[in-house]
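Residue-level structure breakdown
Chain residues, written in single-letter form:
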There are 2 protein chains.
Amino acid sequence: MNNIKSVDVKIKDGFWKFYSDLNRNNIVGNVYERFKETGRFDALKCNWREGMLNKPHIYWDSDVVKWIEGIAYVIRNAPAPEWEKLVDEMIDNIAENQRADGYFNSYFLSVEPSKIFTNRDWHELYCLGHLIEAAIAYHEATGKDKLLNCVLKNTDMVYRIFIEEQSANFITPGHEEIELALLKLYNYLGEEKHLELARFFINQRGNNEKEEKTVQRQDNLPAREITDAVGHSVRAGYLYTAMCMLAKTDSDQELQDACNRVFNDIVNHKMSITGGVGADHSGEKFSYKYDLPNSDTYNETCAAIALALFAGAMQELKADSCYGDVIERVLYNGIISGVSLDGEKFFYTNPLEIDRKKYARSTYQPICERVKVFNCSCCPPNIVRTLASISRYVYTIDEDKVYCNQYATSKAIFKVGGKDAVLKQVTNYPYDGKITFEYSGEPITLYVRIPEWCVEYNGETENGFAKFELSDGESVAVDLPMEIHFIEANPYVQDNSGRYAVQRGPIVYCMEEIDNGENLRDIRLLENGTINIVKEEGIPAPVIYMDAQRRKNSEKLYSLKNRSLINFTARLIPYFSFANRAASDMIVWTMVE
Amino acid sequence: MNNIKSVDVKIKDGFWKFYSDLNRNNIVGNVYERFKETGRFDALKCNWREGMLNKPHIYWDSDVVKWIEGIAYVIRNAPAPEWEKLVDEMIDNIAENQRADGYFNSYFLSVEPSKIFTNRDWHELYCLGHLIEAAIAYHEATGKDKLLNCVLKNTDMVYRIFIEEQSANFITPGHEEIELALLKLYNYLGEEKHLELARFFINQRGNNEKEEKTVQRQDNLPAREITDAVGHSVRAGYLYTAMCMLAKTDSDQELQDACNRVFNDIVNHKMSITGGVGADHSGEKFSYKYDLPNSDTYNETCAAIALALFAGAMQELKADSCYGDVIERVLYNGIISGVSLDGEKFFYTNPLEIDRKKYARSTYQPICERVKVFNCSCCPPNIVRTLASISRYVYTIDEDKVYCNQYATSKAIFKVGGKDAVLKQVTNYPYDGKITFEYSGEPITLYVRIPEWCVEYNGETENGFAKFELSDGESVAVDLPMEIHFIEANPYVQDNSGRYAVQRGPIVYCMEEIDNGENLRDIRLLENGTINIVKEEGIPAPVIYMDAQRRKNSEKLYSLKNRSLINFTARLIPYFSFANRAASDMIVWTMVE
C-alpha cells in the first residue's frame, strides 16, 4: 500500500473562507441555540426522569458530539474560548455520568438502563462512534484529554462486551459509524485493540449466523463481497469509508476492490449531479441504478457528507483525480445546499426540483424551506463539523508527491524529506479557474487535479492531475478554462431525458420561481443566446443570466404543437443557494435549445 | 329547455362493431365466469352464512347488475337466449329474496341485516341505482317486468324511508348513482315520485345540517353552487350526470350553469389526453387543476365511463360539438384501454406511462398487465354495459334537427314529423375521415360534428357542426382530413412540458418497450421524417411507423450535451391497445424534433 495522507491547511480567503466564517460566526451558534432549547445538552446530565420535559432520544448524543467535533475544528482554526468553556462543561457532564464500566449514552443511562446493548438498531455504537471522533478532534485542538479518556474507557468496555464476552444481544451495529471512528482512533493513538475492534465490526457484518441480513443495513453481504451501494445511504457511506480505512491499514486488496466497486456504482449510477445520494425517500436509501428522480429524491445532507468522507478515504488509497472530482461536486453543491446563506436554517433532504402545487397530492414531496432544527437533527451538526474541516480535502501527500485535490486560497505546512515545506495557494475559484501555487521547501512534484468538468483543458495529465516539479521558491499556475456547460444525464436516467443541467466550473445551477416565474419545467434556455456571468452580493459564486424562452399561457388544455414562445432572461443561481429568499419552486434539469 | 334526445342505432360494421362483437362474444362471458367463480351470482340467493366461502361484499350487487344491464343491451342488439335464461334465474333470486318491504341488497340481507341504511358509505343506494338501470334495460330489451317490479317496490321503500319517515341514519348516499338511475326511471315510466326522490337526493347533497361536508363525496357544496370537479371521480361523474338530467327535466338553469362550470373545469384542467379523469390515486379523485401526471395517474376505467355519461347528458342539454368531442376522446382511448383486445383482461387504472424499473420504489406505480378480475370489480361490468350501448352516443335529435355526434357504420330509425325516418351511415373511421349519410324520410337538417382534432377542415360550422339539409333519398358525405398531429399540453401541465402526444383522428398513440426498446422517455420522434400509417391484424385502428432518434448508451452518468443520436423506426400503437402482448414499459407523451 501507498502512504498517501491528507494534509491540513489554513484557509485564507475565497469561497471556503466564506463558509468557514459562516460556520464559525453563525452556524455553530445557531445549532447550539436549537440544541439547547430542545434539551440536547442537558440530556448529558443524565438526570431526565419520566414526566420531565425534553425526553432524550437514542440518537441525541450523536447530535451533540458532532457539534463538539465541529467546535474542536473551529478552535483548531482559531481560538474560541467561549465555545471551549461550554464544551468543557459538556465533557464534565459526560465524564461525571459515564458508568463505572465505561458505558455512556445519555438516553439509555437516564431512560432505559435495562435496555443497554439489547438492540442493534438503537444507535448506541453509532453515538459512541461520533463520541470517539469528537474526543480525537478535541484532544487534537486543545490538548485536553478528559473526553478522550472517557472514550478509551468506553471502547475498552465495548471490546470486552463485543469481543471477549460476546454478551450484547447483537454482534454488529445497525447504523455504522463506530468502525471509521475506531480506525481514526487507531490512527491517532496506535492502540491495536481499536484496530481489532474495527476489524471485528467490519468483518462480522453480514458474515455471522446470528444477525438478520438486510440490504437496508448493508449486511446482506460480507464487506469483501459487496458489489453495489445499497440501503440507508448515510450508513452505507460511513461503512464504505471505514472499509477504505481498514483496506489501507491492513493492505487488504480484497477490501479495497470492494471499495472500488461500490464507489464506481455510486458515481456511475446513483449520484445526483449535485453529489446528492440516497434517492429513495422510503428508507432514506440508495435506489436502483439510474433512479435519480428530481422532486422526490431524498439526498440527505448527511449522505452527501458521508460520500465526501468515502471519497476522501478513497483518495488516501489511490492518487486519482476522480475522488477529488466527487468531493468537489458534493462539497460545492449537495452539502452546502443543506444550510442557508445566513447559517440559520437547514435542509435534511436536498431535492433537485420543487413544484409546490404538488403539495396538494398525497405523494412524497420535499420541503421547500429550510428549518432551524429537526426532531432527528443529524444534518446541522454534520454541516458544522464538515465546514470546519473542509481544509482536510485540499491536499494529500505521498512522500515528495503533493496532490492538490481542491482549490482554496490557503497555506499548507508539511514535511518533505523531514523538513518543513510551505505551499501557498491563491485562487478566485469558482469565479474563475486560475490557481497559483508558491512553494518553499525541499523539491516536490506537485500534482494539480484537472477537474472532470474542465474538458477544455488541453495539457497533459497523469491520473487526472497536471504534474509540476517545484523547488524552493518556485511558483506555478494553472488556468482552468471555466465555460458554461450543459450537462446531460445517461439515457437510463429516465427522469432527465430531454433535460440538461447547467454547470460552470464545479457549480451546478438552478432556477427559482421567485426569479423566473411559475411553470419552471416549461423554460427553454437558449444555448446560443446571450449569457452573463455576474458576481452578486450575498452569494459566494457567480449568478448567470441567460436568454430563454417559454410558452405563452393558453386557455386550452390541449393544442397543436406550436412554436410560439416568449423571450425572457432567465436567472440561474448556484444550486447551493436555492431557498434563501422565500418558499419557491425550483428546478435544476431544464430544457435547452 | 330544448327537446334533444339520444337516438339509438344498429351498429353494422367498423370500429364499434369490433368492440360490440368482442363484448358479446368474449367480454360478457369472461366477466360472467369470473363473477361466478367469486360467488357474486350466488350471493343473490342471500344464503351466505358465517364460515362459508365467498363472503359477499357491500358492492357486489352493483357488479352483478351492471353485468345484467350489459346483457340487456346485448339482447336488444340481437337475441342471446342462453344469457337471457341465466339472467332470468338471477332475477328470480332477487325477487325471491327481496324483503317484504322491498329492500334488496344481498350483502346486508345475508351478512348484516341490522346495519341496513345505517351508513351512507356502505353503497346500498349505489347498488340500488345500478339495479334500477339494469331493470329498465332488461324491461326495454325483453319486455319482462319481474326485475322492474322488484325495483319499483324497492324505490317505494326508499321513498318512504328517506322522504316520508326520514328514518335512515343518513340523508344522501356517500357514493352517487341512484340519482341518475331514478331520473332514468322517471324518464322511462313517468312516475313523479321517482323524480321527487332524485330531486331530493340532489338537492339535499351538501345542503343539510346532518351530514359532514366532504370534497371526496362532492357534498362540500350544494349542487347549484358547485364550481369545480372534485373528489372521487366516479362518484363525481355520476352526480354531474344526474345534475344534467335534473336540469333538463326541471328546466333548472341554475343547475345547468353548475353543470357547465364543472364540465369546463374537467375538460380544460383535469382530463388526460386519453379522456381519463381522476388523476390522484389517493382517494381515486380529481387532483388540482393541471395536475395530470403520467405514470402515477389513476384514471379509473369507471371514471372515464362516468365522464362519457356526463358528456352524453350535457349533449342532451345543448347542441354543441364539444360534448361529442369529449365522448369521442374518452371512448376511443381511456375507456377501451380498460379491456384487452381478446376481451379477457381489464385495467382498473389507465396510466399514460409505465416504467417497470420504478416498481422497485415504494411510491405508487400502476400495474402494467391487465387482470381477469379485481376484488373491487366495478370496471369490467361497466365496460360490458358501455360497449353494449355505444350506439346511444351516435345521434341526438331535436324535432327535425339530427345531430351526428359519433361516426359508425350504422342504421338509425327515428320519427320525423310523426313518420319513420332512416339514416344510414357508412364510414371506415378511424382509418380515414370519410363519412357518408343516406337518408329517407321527411326533410331534416343533419348536423355532423366536426371534431376538434380536425383543424384542417375548412367548411362552415355551427356550434361545431357542419350543417346539411336532407330530403328523402338524399345522401351527403363529409371527409375529415385525418393528419397526424403532435399535441402539446397547457404549460401548466408541468409533467408534459417539452413533450407531445401523437394523435391521428380520435386515436391517441403510445409506444411500448416491446416495440421500441428500453428508455422510452429518451425517444425523439422526427416530425418531418417518414411516417407510415399501417392497417395491422388484431388492432381495429391504424398503427404508425415513424422515423425517430434516441441517444447512444453511455458509460458515463453525466456528460456534455451531445447530439450524437441513433436513428430507428418507432412503432406507435393506439393507446387503447397497449399491454396486449406482455408486461412492457409504455409512454404517451414523447419528445418530438
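This brings us to the overall build of chain A. What chain A contains, in helices and strands, is 14 helices and 21 strands. The C-alpha atoms of chain A give a radius of gyration of 24 Å, which matches the 25 Å a tight globule of 593 residues would have. In terms of overall dimensions, chain A has C-alpha extents of about 75 × 65 × 50 Å along its principal axes. Across the 593 residues of chain A, 64% fall into the buried class.

Here we come to the packing of helix H9 (residues 233–250) of chain B against helix H10 (residues 253–269) of chain B. Residue and element names in this part refer to chain B. Viewed as axis vectors pointing N to C, H9 and H10 meet at an angle of 145°, and their least axial separation amounts to 9 Å. H9 and H10 meet at a crossing whose hand is left-handed. Contacts between H9 and H10 involve Tyr240, Met243, Cys244, Leu246 and Ala247 from the former and Leu255, Gln256, Ala258, Cys259, Val262 and Ile266 from the latter. Looking at the contact of H9 with H10, its residues break down into ten nonpolar, one polar and no charged.

Take the relation of the copies chain A and chain B next. Both copies of the chain are related by a screw-like operation: a rotation about an axis and a shift along it. With an RMSD of 0.0 Å, the fit of chain A onto chain B corresponds to turning through 180° and sliding 0.1 Å along the axis. Between the two chains, the operation in question is that of a two-fold axis. By residue overlap, the copies meet face to face through one surface: 100% of the interface positions of chain A are interface positions in chain B.

What follows deals with the sheet that holds strand S9 (residues 444–449) of chain A. Residue and element names in this part refer to chain A. Taken together, the five strands give an open sheet; going across it, the order is S1-S4-S5-S9-S10, and neighbouring strands pair in mixed fashion. At either margin of the open sheet sits one strand with a lone partner, and together these are strand S1 (5–7) and strand S10 (465–470). Strand-to-strand twist of the sheet, defined as the mean angle between neighbouring strand axes without regard to direction, takes the value 30°.

Here the focus is the side chain of Thr172(B). All names here are of chain B. Tracing the backbone through its elements, the reader meets Thr172 in the loop between helix H6 (146–164) and helix H7 (178–189). On the basis of relative accessibility, which here comes to 0%, the residue Thr172 falls in the buried class. Side-chain polar atoms of Thr172 contact the side chain of Glu211, separated by 2.8 Å. The residues contacting Thr172, other than those within four sequence positions of it, are Arg120, Phe201, Gln204, Arg205, Asn208 and Glu211.

To continue, consider the sheet that holds strand S7 (residues 419–427) of chain B. Residues and elements named next belong to chain B. Here we have five strands laid out as an open sheet, ordered S2-S6-S7-S8-S11, and antiparallel in their pairing. The open sheet has two edge strands with one neighbour each: strand S2 (9–13) and strand S11 (475–479). Looking at each pair of strands side by side, their axes are set apart by 20° on average, direction ignored. Pairing between strand S6 (residues 409–416) and S7: seven bridges, direction antiparallel. Its bridge partner being in S7, Lys415 is matched across the sheet by Asp420.

A few words now on the interface of chain A and chain B. Counting from both sides, the interface comprises 65 residues of chain A and, opposite them, 65 residues of chain B. Contact between chain A and chain B buries roughly 5500 Å² in total, counting both sides, with carbon and sulfur atoms accounting for 47%. For Lys561(A), the salt bridge identified is with Glu527(B), shortest N-O distance 3.0 Å. At the surface where chain A touches chain B, the tally comes to 45 residue pairs in polar contact (both at pLDDT 80 or more). Mapped by element, the contributors of at least two residues to the side of chain A that touches chain B are helix H10 (253–269), strand S12 (484–489), strand S18 (558–560) and strand S21 (591–592) of chain A. The greatest single-element share of the side of chain A that touches chain B, amounting to five residues, is contributed by S12(A).

All names here are of chain A. Using the criterion set out here, one finds 74 aromatic pairs over all chains in the structure. An aromatic cluster is defined as three or more aromatic residues linked by ring pairs; in this entry it consists of Phe15, Trp16, Phe18, Tyr19, Tyr332, Tyr407, Tyr429, Trp453 and Phe576. One Lys or Arg, Arg550, reaches over the ring of Phe568 and ends 4.5 Å from the middle of that ring.

Residues and elements named next belong to chain A. In a regular helix each residue adds 1.5 Å, so 13 residues correspond to 18 Å; helix H8 (residues 192–204) covers 18 Å between its end C-alpha atoms and thus fits that length. Where H8 is concerned, the buried positions are His194, Leu195, Leu197, Ala198, Phe200, Phe201 and Ile202. Where H8 is buried, its residues meet helix H5 (124–142), helix H6 (146–164), helix H7 (178–189) and helix H9 (233–250). Positive backbone phi, at 65°, marks Gly206, one or two positions downstream of H8.

It is worth spelling out H6(A) at this point. Over its 19 residues, H6(A) extends 26 Å from the first C-alpha to the last, a length consistent with the 27 Å expected when each residue adds 1.5 Å. Directly after H6(A), the chain includes Gln166(A), whose backbone phi takes a positive value near 45°.

Take a positive patch on the surface next. Taken together, the side chains of Lys10(A), Lys12(A), Lys411(A) and Lys424(A) define a basic patch exposed on the protein surface. Tracing the backbone shows Lys411(A) in strand S6 (residues 409–416).

Take the side chain of Asn93(A) next. Residue and element names in this part refer to chain A. Positionally, Asn93 belongs in helix H3 (residues 81–97). Judged by relative accessible area, Asn93 falls into the buried class, the value being 17%. Not counting residues up to four positions away in its chain, the partners in contact with Asn93 are Leu44 and Lys45.

Our focus in this paragraph is the pairing of strand S5 (residues 401–404) of chain B. All names here are of chain B. Strand direction decides the pairing type here: strand S4 (residues 395–398) and S5, joined by four bridges, are antiparallel. Following the sheet pairing, Asp398 is matched in S5 by Lys401. Connecting S4 to the antiparallel partner S5 that follows it, the hairpin turn spans two residues, and Glu399 within it adopts a positive phi of roughly 60°. Relative to strand S9 (residues 444–449), S5 runs parallel, the two being bridged by four bridges. The residue of S9 that forms the bridge with Val402 is Leu446.

With 100% of its residues at a pLDDT of at least 70, chain A reaches an overall mean of 96. Both scores are available for the predicted complex, with the pTM at 0.95 and the ipTM at 0.95.

Residue and element names in this part refer to chain A. For the peptide bond that leads from Tyr429 to Pro430, omega is 5°, which places it in the cis range. Checked against the element boundaries, Pro430 lands in the loop between strand S7 (419–427) and strand S8 (434–440). Here the phi dihedral of Gln166 falls at roughly 45°; this positive angle occurs in a residue that is not glycine. In this structure, Gln166 sits in the loop between H6 and H7. Classification of Gln166 by relative accessible area gives exposed; the value is 53%. Positioned with a positive phi, Asn299 is a non-glycine residue whose angle comes to about 45°. Here Asn299 lies in the loop between H10 and helix H11 (301–315). Among the residues examined, Asn299 registers a relative accessible area of 2% and is labelled buried.

Residue and element names in this part refer to chain B. Inspection of the secondary structure assignment puts His123 in the loop between helix H4 (106–110) and helix H5 (124–142). For His123, a relative accessible area of 13% corresponds to the buried category. The spatial distance from the C-alpha of His123 to the C-alpha of Thr301 is 19 Å, given a sequence separation of 178 residues. There is a polar contact of 3.3 Å between the side chain of His123 and the backbone oxygen of Asp121.

Following the criterion strictly, the structure yields 108 salt bridges over all chains and no others. For Lys144(B), the salt bridge identified is with Glu84(B), shortest N-O distance 2.7 Å. Here Glu84(B) lies in helix H3 (residues 81–97) and Lys144(B) lies in the loop between H5 and H6, a separation of 60 residues in the sequence. Because the salt bridges share partners, they merge into one network encompassing Asp280(A), Lys285(A), Asp291(A), Asp296(A), Asp495(A), Lys358(B) and Arg361(B).

Cut-offs used in this document
- Counting from 1, residues in each chain are numbered in the order their sequence is written.
- Key to labels: chains lettered from A, ligands numbered from 1, both in the order written.
- Reporting in this predicted model follows two pLDDT cut-offs: at least 70 for local features of residues, and 80 or more for side-chain atom pairs to be given and counted; totals over whole chains, interfaces and linings ignore these cut-offs and use all residues.
- Processing note: side-chain calculations cover all non-hydrogen atoms of the structure and skip hydrogens and water entirely.
- Numbering of helices and strands starts at the N terminus; helices are DSSP runs of H or I of at least 4 residues and strands are runs of E of at least 2.
- Values of the radius of gyration come from C-alpha atoms, whereas the globule rule sets the reference at 2.2 Å times the count of residues to the power 0.38.
- Buried residues are those whose accessible area, probed at 1.4 Å on protein chains only, stays under 20% of the maximum for their type, while exposed residues exceed 50% and partly exposed ones sit between those limits.
- The convention used is that axes are lines fitted to C-alpha atoms, helices contributing only their stretch in contact, and that angles between N-to-C directions extend from 0 to 180 degrees.
- Left-handed describes a crossing whose near helix is turned anticlockwise from the far helix through less than a right angle; right-handed describes the clockwise counterpart.
- For this analysis, residues touch if any pair of their heavy atoms sits within 4.5 Å.
- Gly falls in the polar group here, along with every residue not listed as nonpolar (Ala, Val, Leu, Ile, Met, Phe, Trp, Tyr, Cys, Pro) or charged (Asp, Glu, Lys, Arg).
- Here the copies are superposed with least squares, the fitted atoms being C-alpha atoms of residues at a pLDDT of at least 70 in both.
- Strand pairing requires that DSSP identify at least two bridges connecting the strands.
- Polar contact criterion, stated in full: a pair of N or O atoms within 3.5 Å, where within protein one must be able to donate a hydrogen and the other to accept it, and residues adjacent in sequence count only if both atoms are side-chain atoms.
- Reported buried area values correspond to the accessible surface (1.4 Å probe) lost by two parts on association, with both partners' losses combined.
- The term salt bridge refers to a pairing of a side-chain nitrogen on Lys or Arg with a carboxyl oxygen on Asp or Glu at a separation within 4 Å.
- Classification of ring pairs uses Phe, Tyr and Trp, with its six-membered ring standing for Trp, and accepts pairs whose centres are within 6.5 Å; under 30 degrees between planes counts as stacked, over 60 as edge-to-face, and the remaining range as tilted.
- Our definition puts a charge over a ring when NZ of Lys or CZ of Arg is within 6 Å of the ring centre and also within 35 degrees of the ring normal.
- To estimate how far a helix should extend, the number of its residues minus one is multiplied by 1.5 Å.
- The patch calculation keeps residues exceeding 30% relative accessible area without a salt bridge and links them within 9 Å when they carry like charges or within 5 Å when they are nonpolar (Val, Leu, Ile, Met, Phe, Trp, Tyr).
- A 1.4 Å probe and the Shrake-Rupley method give the accessible areas. Residues count as covered only by the protein chains that appear here.
- His residues and chain termini do not enter the charge count, which takes Lys and Arg as positive and Asp and Glu as negative.
- Working definition for charges: the position is that of NZ of Lys, CZ of Arg, CG of Asp or CD of Glu.
- For every residue, the predictor assigns a confidence score, pLDDT, that lies between 0 and 100.

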